[in-house]
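# Secondary and tertiary structure notes
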Amino acid sequence: MIRFNQSDILKPIVKKCTRYIKYYHVKIDKLIINEFLIGLIIDIHDYCNAKCKMCPYESLRQKIDQGRMDWNLYTKIVDDFSSLIGRFKFQGMLTYCNMGEPFIENHLEKYTRYAEEKGVSVYLNTNASLMAPHKIDLLINSGFKGTFNISFHAASPDLYKKIMGLDIEDAINNIQYLTNKYPAEKISFNVINYSWPDDEEEKVRKLFNQWNIDIQINRPISRAGLVFHTKKYIRRIAGCGPDRVLYQMVICHNGDVLLCCNDMSRKEIIGNLTHSTIEEVWNGTIFQDYLNKIYSGKMSSNDMICHFCEESVPFWSLRRFIKLFLPKNIIVSWRKKRKPNWGLSKSINSHGEL
């Protein structure tokens with residue numbers, strides 16, 4: 001993501017929430033987590049116009065059930081989340097389309113307005129190619145107060161086209177319009193070095209310097225083995241590095257709840273929100289069983305996605321053995337100082353606390 005990061009964007013939210021949040025905890029072995037989640041990723045649809053090389057969308061879209069979320073299901077989920085926010089006094093976060101591009105929806109402002117009116121903060125992950133000026137105006141005129149996180153993976157037009165399958169000029173024109181109309185501190189970028197030539201980083205930084213943005217360039221991940229780079233298999237798991245499973249819920253267009261945003265193939269389904277509540281799924285036996293497999297060393301199937309994820313913590317790792325001999329108060333202190341590097345985790349600590 002970027003040095004101009006979302007932890008800065010969300011500081012006012014974090015400051016407010018740390019004054020009021022209450023602690024309701026569930027213990028899983030030695031792990032203590034909140035009884036409620038902090039963030040939702042909702043697939044209001046699961047279509048994308050890009051063909052990013054570091055994303056498994058192209059290989060999956062013919063294999064999975066794609067569609068659009070029913071409006072009544074969307075409002076049910078947001079209402080349910082809003083109720084949890086009111087009850088536990090935290091600032092809930094929401095973003096759209098784990099699988100796709102949110103601006104494929106022509107009236108995205110309808111969704112954002114409903115969520116924000118219910119007290120949910122919204123951020124938009126987008127490749128910006130469909131973020132046309134009239135759609136930006138619709139969002140702003142609807143009262144949108146959220147943030148934008150824009151994927152932008154090269155500065156050279158030919159390389160941008162090769163990596164993302166899009167025309168760079170469309171994205172640049174839309175980004176320039178957005179930066180002229182919306183506060184700069186609410187706009188961040190996700191920049192990934194996907195096999196760049198030696199001079200590409202300089203070109204990328206020069207382009208972003210024109211927007212007065214200092215970027216941090218990241219490497220791609222395999223999305224739990226779904227794309228080819230850095231694939232590996234972790235036989236015994238001792239945790240999730242970013243702790244995503246402890247604070248976020250990923251919801252497909254049909255209401256299915258996934259274990260993690262890396263599970264784009266939808267292998268690990270922990271519930272469905274069509275008839276269940278968020279709280280029922282979050283505290284349900286299926287999810288608790290997964291947490292025990294991830295954090296407590298309970299046996300798991302060999303094909304569970306966490307075994308293929310480079311963000312999983314191996315059981316036989318120096319990190320784990322060091323933690324075994326450290327007092328718990330030191331570990332908690334280190335976790336609070338750690339700067340998460342992905343999406344919603346930028347605004348919370350490793351216990352899921354804002």
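Residues numbered from 1 in each chain as written. Predicted model: local features only at pLDDT ≥ 70, side-chain atom pairs only at ≥ 80, totals over all residues. Heavy atoms only, no water.

## Details of the overall build of the protein
Per the secondary structure count, the protein includes 13 helices and 13 strands. Expressed as a percentage of its 354 residues, the buried residues of the protein come to 56%. Residue pairs at least 24 apart in sequence account for 74% of intrachain contacts in the protein once pairs closer than 6 positions are excluded. (Helix = DSSP H or I, 4+ residues; strand = E, 2+ residues; numbered from the N terminus. Buried < 20%, exposed > 50% of the residue type's maximum accessible area, 1.4 Å probe, protein only. Contact = heavy atoms within 4.5 Å.)

## Concerning the packing of helix H6 (residues 133–141) against helix H8 (residues 168–181)
Where H6 contacts H8, the two axes come as close as 9 Å, and the packing angle between them is 30 degrees. With respect to each other, H6 and H8 are oriented roughly parallel. Note on packing geometry: the crossing formed by H6 with H8 is right-handed. Of H8, the residues touching H6 (which contributes Pro133, Ile136, Asp137 and Ile140) are Asn174, Tyr177, Leu178 and Lys181. Classifying every residue of the contact of H6 with H8 by side-chain character gives five nonpolar, one polar and two charged. (Axes fitted to C-alpha atoms, helices over the stretch in contact; angles between N-to-C directions. Parallel < 35°, antiparallel > 145°, perpendicular 65-115°, else oblique. Left-handed = near helix turned anticlockwise from the far one by under 90°. Nonpolar A, V, L, I, M, F, W, Y, C, P; charged D, E, K, R; others polar.)

## Some thoughts on the pattern of salt bridges
Should their charged atoms come close, side chains of opposite charge can pair. Per the stated rule, a full pass over the model turns up 12 salt bridges. When the shortest N-O distance is used, the salt bridge between Asp46 and Arg266 registers 2.7 Å. With a gap of 220 residues between them, Asp46 in the loop between strand S3 (39–42) and helix H3 (57–60) and Arg266 in the loop between strand S11 (256–258) and strand S12 (269–272) connect regions that are remote in the sequence. Here the two residues Asp46 and Arg266 agree in accessibility, since each one is buried. Between Asp79 and Lys118 there is a salt bridge whose closest N-O contact spans 3.5 Å. In this pair, Asp79 is assigned in helix H4 (residues 71–88) and Lys118 in the loop between helix H5 (108–117) and strand S5 (121–126), connecting sequence segments 39 residues apart. In this structure Asp79 comes out as partly exposed when scored by relative accessible area, which is 30%. You can call Lys118 partly exposed: its relative accessible area is 34%. Beyond isolated ion pairs, a larger network of salt bridges with shared partners links Asp289, Lys293 and Lys298. (Salt bridge = Lys/Arg side-chain N within 4 Å of Asp/Glu carboxyl O.)

## Focus on H4
Count 3.6 residues to each turn of an α-helix, and residues three or four apart come out pointing the same way. Compared with the 26 Å implied by 1.5 Å per residue over 18 residues, the 26 Å span of H4 between its first and last C-alpha is a close match. Leu73, Tyr74, Thr75, Ile77, Val78, Asp80, Phe81, Ser82, Leu84, Ile85 and Phe88 are the residues of H4 that are buried. Buried-residue contacts for H4 involve S3, strand S4 (93–96), H5, strand S10 (248–251) and helix H10 (278–282). Capping the start of H4, Asp70 holds a side-chain oxygen 2.9 Å from the backbone nitrogen of Asn72, two or three residues further along. Following H4 by one or two positions, Lys89 has its phi on the positive side, about 60 degrees. (Expected span 1.5 Å × (residues − 1). Polar contact = N/O pair within 3.5 Å; in protein donor to acceptor, adjacent residues only side chain to side chain.)

## A word on unusual backbone geometry
In this structure, Asp243 is a non-glycine residue whose phi angle is positive, near 60 degrees. Residue Arg266 is not a glycine yet carries a positive backbone phi of 60 degrees.

## Some thoughts on the sheet that holds S5
Strand order in the open sheet formed by nine strands is S8-S7-S6-S5-S4-S3-S10-S11-S12, with mixed pairing between adjacent strands. Among the strands making up the open sheet, the edge pair consists of strand S8 (217–218) and S12. (Pairing = 2+ DSSP bridges.)

## As for the environment of Phe144
Of note, Phe144 is situated in the loop between H6 and strand S6 (147–151). In this structure Phe144 comes out as buried when scored by relative accessible area, which is 5%. Along the sequence, Phe144 and Thr112 sit 32 residues apart, while their C-alpha atoms lie 6.9 Å from each other. When sequence neighbours within four positions are dropped, the list of residues in contact with Phe144 reads Thr112, Glu116, Val122, Leu124, Leu139 and Tyr182.

## Details of the packing of aromatic side chains
Across all of its chains, the model carries 19 aromatic pairs by this definition. Here Phe189 and Trp211 contribute two aromatic rings whose centre-to-centre distance is 5.8 Å and whose plane-to-plane angle is 10 degrees, an arrangement assigned as stacked. One end of the pair, Phe189, is in strand S7 (residues 187–192); the other, Trp211, is in the loop between helix H9 (200–210) and S8, with 22 residues separating them in the sequence. Across the pair, Trp211 and Phe189 agree in class, each one buried. Pairing Trp282 with Phe287 gives two aromatic rings, centres 4.8 Å apart and planes at 40 degrees, and the pair type is tilted. Owing to a relative accessible area of 1%, Trp282 belongs among the buried residues under this scheme. On the basis of relative accessibility, which here comes to 1%, the residue Phe287 falls in the buried class. In this structure an aromatic cluster arises from ring pairing among Trp71, Tyr74, Tyr96, Tyr111 and Tyr114. Positioned above the aromatic ring of Trp71 is the side chain of Lys110, whose terminal nitrogen or guanidinium carbon lies 4.3 Å from the ring centre. (Phe/Tyr/Trp six-rings, centres within 6.5 Å; stacked < 30°, edge-to-face > 60°. Lys NZ or Arg CZ within 6 Å of the ring centre and 35° of its normal.)

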